[in-house]
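Working through the structure, step by step
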Amino acid sequence: PAAPANAAPAVDDEPVTVNLADASLDAVLQLLEMWTGKTVLRPQTLPTDTYSLPLNKAVPKAEAVRALETLLGLHGIGVVSLDDKFLKVVPLPQASREAPELITGSTLDLPPSGRIAAKLFQLQFLRTAEIIPPLQQIMSPAVGTPPVLFENANSALIVDTVSNLQRIELLLKDRKST
């Protein structure tokens with residue numbers, strides 16, 4: 001069966017082990033390239049932290065990739081998928097301007113992660129001017145992108161992590177919107 005249109009890029013689910021201890025950014029990006037089969041494009045200047053990710057057991061590659069994307073996000077680096085061949089890594093506040101993946105269906109079918117994505121929320125029973133300000137309180141400040149409101153269409157374009165887009169979708173669903 002075909003993968004859902006909004007699914008993360010398919011990666012081999014062969015189990016891999018991850019035991020990063022004080023690894024360099026280059027080491028993390030090499031793993032990301034190896035496990036996704038995509039080339040990582042990056043600017044010269046990114047945070048030069050060291051990265052640790054000790055997983056005590058083998059996990060499917062897809063889970064390891066989500067863990068690396070989330071780990072990079074925790075260190076101020078956003079991962080944006082350009083297509084089926086390239087990933088772009090940039091400072092997290094810049095990720096929202098790098099044309100992140102636009103999720104057209106539900107985010108709830110995706111695995112939670114720190115991957116940056118965008119979703120257009122079309123509201124039915126709530127006004128964007130009323131609901132978006134409180135939602136901004138749960139959005140990732142590191143992503144630093146305010147929602148774009150389309151008041152005449154009663155919709156909002158929100159760029160954030162997949163995990164936060166899922167929380168927003170759940171909150172809006174509970175209030176009878178889509």
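Up top is the structure these notes are about.
Quick look at the structure, then. (Residues numbered from 1 in each chain as written. Predicted model: local features only at pLDDT ≥ 70, side-chain atom pairs only at ≥ 80, totals over all residues. Heavy atoms only, no water.)

Quick notes on the nonpolar core
Heads up, the rule is: As used in this record, nonpolar core signifies buried Ala, Val, Leu, Ile, Met, Phe, Trp, Tyr and Cys residues forming a set joined through side-chain atoms within 4.5 Å. Classification of residues uses two cut-offs on accessible area relative to the type maximum, computed with a 1.4 Å probe and protein chains only: under 20% is buried, over 50% is exposed, and between them is partly exposed. Numbering of helices and strands runs from the N terminus, with a helix taken as a DSSP run of H or I at least four residues long and a strand as a DSSP run of E at least two residues long. Here a residue-residue contact requires only that any non-hydrogen atoms of the pair lie within 4.5 Å.
Among the nonpolar cores identified, the biggest contains 24 residues, and L20, L32, W35, L68 and L72 are the most heavily contacted of them. Looking at this core, the elements with two or more residues in it are strand 2 (19-23), helix 1 (25-36), strand 4 (51-54), helix 2 (61-74), strand 6 (77-81) and strand 7 (86-91). Per element, the largest residue contribution to this core is six residues, and it comes from helix 1. Discounting residues that sit within four places of it in the chain, L32 has contacts with G37, V65, L68, E69, L72, V79 and L87.

Thoughts on the environment of A62
Looking at the element boundaries, A62 is found in helix 2. According to the relative accessible area criterion, A62 is partly exposed, its value standing at 30%. Through-space distance from the C-alpha of A62 to that of L171 is 27 Å; in sequence the pair is 109 residues apart.

Looking at the pattern of salt bridges
To be explicit about the condition: Between Lys or Arg on one side and Asp or Glu on the other, a salt bridge is scored when a side-chain nitrogen of the former is within 4 Å of a carboxyl oxygen of the latter.
For the coordinates displayed, the defined rule picks out three salt bridges. For D26, the salt bridge identified is with R42, shortest N-O distance 2.7 Å. Of this pair, D26 sits in helix 1 while R42 sits in the loop between strand 3 (39-41) and strand 4, placing them 16 residues apart in sequence. A relative accessible area of 34% means that R42 is categorised as partly exposed.

Details of the pairing of strand 6
The following threshold applies: DSSP-based pairing: two strands are paired if at least 2 bridges between them are found.
Of all five residues that make up strand 6, five are buried, and the element is covered over most of its length. Both faces of strand 6 are covered, namely the face carrying I77, V79 and S81 and the face carrying G78 and V80. Two successive antiparallel strands, strand 6 and strand 7, enclose a turn made up of four residues.

Comments concerning the packing of helix 1 against helix 2
To keep things clear, this is the line we draw: Only the stretch in contact is used when fitting a helix axis, every axis being a line fitted to C-alpha atoms; angles between N-to-C directions are given from 0 to 180 degrees. In this scheme the handedness of a crossing depends on how the near helix is turned from the far one: anticlockwise by less than a right angle means left-handed, clockwise means right-handed. Residue classes follow a fixed rule: Ala, Val, Leu, Ile, Met, Phe, Trp, Tyr, Cys and Pro count as nonpolar, while Asp, Glu, Lys and Arg count as charged, and any other residue, Gly among them, counts as polar.
Contact pair helix 1 / helix 2: the axes reach a minimum separation of 10 Å and the direction vectors enclose 145°. In terms of crossing hand, the pair formed by helix 1 and helix 2 is left-handed. Contact residues: L25, V28, L29, L31, L32, W35 and T36 in helix 1; K61, A64, V65, L68, E69 and L72 in helix 2. Classifying every residue of the contact of helix 1 with helix 2 gives ten nonpolar, one polar and two charged.

Thoughts on helix 1
Turn by turn, an α-helix covers 3.6 residues, leaving residues three or four places apart pointing in a common direction. For the record, the criterion: Expected helix span is taken as 1.5 Å per residue step, with the number of steps being one fewer than the number of residues. By definition, the arc is the one covered by directions from the helix axis to the C-beta atoms.
Compared with the 16 Å implied by 1.5 Å per residue over twelve residues, the 16 Å span of helix 1 between its first and last C-alpha is a close match. The complete set of buried residues in helix 1 reads L25, V28, L29, L31, L32, W35 and T36. Along the long axis of helix 1, the arc covered by the buried residues comes to 155°, so they all point the same way. Summarising the geometry of helix 1, the exposed residues directed more than 90 degrees from the buried face are Q30 and M34. Just downstream of helix 1 lies G37, where phi reads positive at about 75°.

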